[in-house]
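Survey of secondary and tertiary structure
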Protein chains: 2
Amino acid sequence: MEVVSKNKVAGGFLYKVKIGSAPSLGGLSSTANVYVPPAALGGGHKVPAVVFLAGLTCTEDNAAQKGGFFNAAARTSLALIFPDTSPRGAGITGESDAWDFGVGAGFYLNATKEPFAQFYNMENFVTKDLLEAIAATPLFNAIDTSKLSVTGHSMGGHGALTLYLKHPSIFRAASAFAPICNPTQCPWGVKAFSGYLSGGVEEGKAHDATELISKVEKTRRINILVDSGLDDAFHLQKQLLPENFEKASRAAGFGVDQVQVNLREGYDHSYYFVSSFAEAHIDWHAKRLL
Amino acid sequence: MEVVSKNKVAGGFLYKVKIGSAPSLGGLSSTANVYVPPAALGGGHKVPAVVFLAGLTCTEDNAAQKGGFFNAAARTSLALIFPDTSPRGAGITGESDAWDFGVGAGFYLNATKEPFAQFYNMENFVTKDLLEAIAATPLFNAIDTSKLSVTGHSMGGHGALTLYLKHPSIFRAASAFAPICNPTQCPWGVKAFSGYLSGGVEEGKAHDATELISKVEKTRRINILVDSGLDDAFHLQKQLLPENFEKASRAAGFGVDQVQVNLREGYDHSYYFVSSFAEAHIDWHAKRLL
């Protein structure tokens, strides 16, 4: 792992790092932003971390620059990890032709359909390669990768919910801003699953938060927070379907103490919405990680 | 004034507006962002406003998207006004050739040298056209344009300090993030004043915060806050010169109670720096406006 740049923010440091030759990405490199809060600087005590997964067309920079997470993370002594949204440079024909599939649109799953299966394994990248690289880097010694939670926006909200539900040994909680909640039932998800998965949309059920919450062990304590805007154009287009996720959660026996879904009047899909609730989400994660 | 878009943020609304045919800009139109905090919505009570002036290459969007000002503005019931950094579309030969002169680099002065004098009058635009347009727009009825202060970043910090010092009847206070403090003594300022002013750098003294603070009425109560990073590449290149401004302020008899200059270890010139101190600046403005 190589440090590309470093910015002081909210008393801590944001490092942009390059992870060389990631196995999950077919050996491609990837960049990420890693925030170390002030309490963890200079051999300070170990701190938990929240992984932020970005949405369609985004990179590791969007939430770092526009999300408004750092002051709250500094105050609560949480590290933040921002990965990229897909492999870059695979060279697959047409992978950059659409804004909602391919480059910038990895959907945080492991592809099973060629030619994507060799490179598009963002689920493994986020849960293995990235975390191992951070754990192996002395600069990030103070980040306790055994105390993690995950959040994200839009496609990254889908990633947060599904990775949390699939990997209880890695993530203790998940929050999401305007997440794609039921991708087997919306155009974005159908396109992604049809393209990345040899079993298509049917196989995609294993990467659908609404399907997953219905099948989760009833004895598992669930920690999920969702905020989504009612004036979000993608909500109105039925791309997000938070109502389906909430209904499935209740049907599965999870109350608001375990799955909280807030539909916010007047808010849209932008980072203006994300930044409005960023502090509340960080505080929510802090309560579950500290 | 025409509303181009509207985003809910921190409980209030951010409006992008187009000001048609601004006299100070030779009749060109200009766009701005105007934030109305929750307390001022729906015929709420009148609120003061802080004008944010952006830096070189920026537009009305940079600080709105990356500055992290809205949650604090909502909490303190302050409106925020973000103008653009120059006229656009004047069509002057070469006006877009450099990143530090011409388009995106208006320096918040009134040009006296042709061909710029017809269009590049951002000082008049900010202090007259923009404020008059806001005052005349029913949507912004709740913004009290008789209670204003000004802030800004880099070139916009220069703008904030100089417009405050030159227009005490308009602005009650000024804060600045990494401002250009002594432009007659730095390459950016020399280039700008040589290009915009018929009297060149000598005329530029009238638009130089370090010169202005030396000449301000001793009886005037001054309210200035400056934060600037010590690892800022432009500070190290002597483009900003906050030390000159602080020295001139003290020599003019203004103590830290009137001119506070904080040099911040480890911080750079980016919006990561701005967002780290955004809340503190908003709170500082609120104390002086409410």
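An unreviewed UniProt entry annotates chain A as S-formylglutathione hydrolase originating from Rhizoclosmatium globosum. In UniProt, chain A has this text filed under Sequence similarities (unreviewed entry): "Belongs to the esterase D family."

Side-chain pairs of opposite charge can arise whenever the charged atoms involved come near each other. Residue and element names in this part refer to chain A. Under the defined criterion, the tally for this structure stands at 26 salt bridges over all chains. With its nearest N and O atoms 2.7 Å apart, the salt bridge here joins Asp-100 to Lys-191. Here Asp-100 is found in the loop between strand E5 (79-83) and helix H3 (122-135), whereas its partner Lys-191 is found in helix H5 (residues 187-196), with 91 residues between them in sequence. Of the charged contacts in the structure, one is a salt bridge between Glu-202 and Lys-205, with a shortest N-O distance of 3.4 Å. Among the charged side chains, a salt-bridge network with shared partners connects Lys-16, Glu-60 and Asp-61.

To continue, consider the sheet that holds strand E5 (residues 79-83) of chain B. Across the sheet, which stays open at both edges, the nine strands sit in the order E1-E2-E3-E5-E4-E6-E7-E8-E9 (chain B) with mixed pairing between neighbours. Pairing within the sheet leaves two strands with one partner each, and these edge strands are strand E1 (2-9) and strand E9 (259-264) of chain B. Within this sheet the neighbouring strands show an average axis-to-axis angle of 20°, counted without direction. Examined bridge by bridge, strand E6 (residues 143-152) of chain B and strand E7 (residues 171-177) of chain B share two bridges and lie parallel to one another. What sits directly across from Leu-148 of chain B, in E7 of chain B, is Phe-171 of chain B. The sheet strands contacting helix H10 (residues 271-289) of chain A are E1 and strand E2 (12-19) of chain B, and the helix crosses E1 of chain B at an angle near 30°. Its contacts with the sheet put helix H3 (residues 122-135) of chain B on E2, strand E3 (30-36), strand E4 (47-53), E5, E6 and E7 of chain B, and the angle it makes with E5 of chain B is roughly 125°.

Moving on, we get to the UniProt feature "active site" (unreviewed entry) in chain A. Residue and element names in this part refer to chain A. The UniProt entry lists Ser-154, Asp-232 and His-269 under the feature "active site" (unreviewed entry), expressed in the numbering used here. The annotated residues occupy 116 residues of the chain but converge on a single region, no pair of C-alpha atoms lying more than 10.8 Å apart. Judged by relative accessible area, Ser-154 falls into the buried class, the value being 3%. Aside from chain neighbours lying at most four places away, what touches Ser-154 is Gly-55, Phe-177, Ala-178, Pro-179, Ile-180, Trp-188 and His-269. Considering the arrangement of structural elements, one finds His-269 in the loop between strand E9 (259-264) and H10. Those residues in contact with His-269 that lie beyond four places of it in its chain are His-153, Ser-154, Ala-178, Asp-232, Phe-234 and Leu-240.

Criteria and thresholds
Residues numbered from 1 in each chain as written. Chains lettered and ligands numbered in written order. Predicted model: local features only at pLDDT ≥ 70, side-chain atom pairs only at ≥ 80, totals over all residues. Heavy atoms only, no water. UniProt positions renumbered as here; feature names shortened; annotations may be inferred. Salt bridge = Lys/Arg side-chain N within 4 Å of Asp/Glu carboxyl O. Helix = DSSP H or I, 4+ residues; strand = E, 2+ residues; numbered from the N terminus. Pairing = 2+ DSSP bridges. Axes fitted to C-alpha atoms, helices over the stretch in contact; angles between N-to-C directions. Contact = heavy atoms within 4.5 Å. Buried < 20%, exposed > 50% of the residue type's maximum accessible area, 1.4 Å probe, protein only.

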